[in-house]
Amino acid sequence: MEKTMEQQRNAAIGAIVGTFHHGLDEKKRLTIPSEWRDAMGRPEYLYVFPDMKEDCLNLMPPHEIDEMLAELKKASPFDAEADSLRTAIAQCAQMVKVDSAWRIRINDDLLNFAEVKGRVTLVGGVLNAKIWAEEKMPPAPPAGKIDVSAARAAMAKLAARRKA
């Protein structure tokens, strides 16, 4: 199957971008958008955990989790602070198997946390994605209008960090 230009672009930059609307199937499985698969590295497993600030879930490929937790992995298992941090992160996370159709089954505790019952909105976050219950998703701008204020603010902060 030939890749679309968007799929080729996402794979080339390794970024999980875009917004997609999906539903859980009868077995409560969620299909990962084809546009994200190459950017995720086509792993056998993905990680799902509650968001730190909002009532949604984060979906993250293994290579991003490894990078994020590299320092904690280097610490001794007998380092009490590092062990506490590892446990706090791991106890709320789930490693989900990706099947051949790119579906995942998120456990009920995490689905309940995010109040996911049927329809979801998947929002790319470059390194990860957020999974929102469709009815809990922050309101979108009116049709034909894109609110770029958050993107502009993020780009300005990124530019400032690069200069520093």
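These numbers come from a predicted model, not from an experiment. (Residues numbered from 1 in each chain as written. Predicted model: local features only at pLDDT ≥ 70, side-chain atom pairs only at ≥ 80, totals over all residues. Heavy atoms only, no water.)

Draft legend 1. Expanded view of the pattern of salt bridges. Inspection of the entire model under this criterion finds twelve salt bridges. Put simply, Glu 44 and Lys 97 hold a salt bridge, and the shortest N to O gap is 3.3 Å. Taken together, the positions of Glu 44 in the loop between α2 (34-37) and β3 (45-50) and Lys 97 in strand β5 (residues 94-97) put the pair 53 residues apart, joining distant regions of the chain. A residue is classified by how much of its surface remains accessible, and Lys 97, at 45% relative accessible area, is partly exposed. The shortest N-O distance in the salt bridge between Glu 115 and Lys 136 comes to 3.4 Å. Highlighted residues: Glu 115 in the loop between α6 (108-113) and β7 (119-124) and Lys 136 in the loop between β8 (129-133) and α7 (149-163), separated in sequence by 21 residues. (Salt bridge = Lys/Arg side-chain N within 4 Å of Asp/Glu carboxyl O. Helix = DSSP H or I, 4+ residues; strand = E, 2+ residues; numbered from the N terminus. Buried < 20%, exposed > 50% of the residue type's maximum accessible area, 1.4 Å probe, protein only.)

Draft legend 2. Structural view of the pairing of β7. Pairing of strand β1 (residues 19-23) with β7 involves five bridges; the strand directions are antiparallel. Residue pairing across strands places His 21 opposite Thr 121, the latter belonging to β7. Bridging between β7 and β8 involves five bridges; their strand directions are antiparallel. Residue pairing in the sheet places Leu 122 in a bridge with Ile 131 of β8. Linking β7 back to β8 in an antiparallel pair, the connection comprises four residues, with Val 126 at a positive phi of about 70 degrees. (Pairing = 2+ DSSP bridges.)

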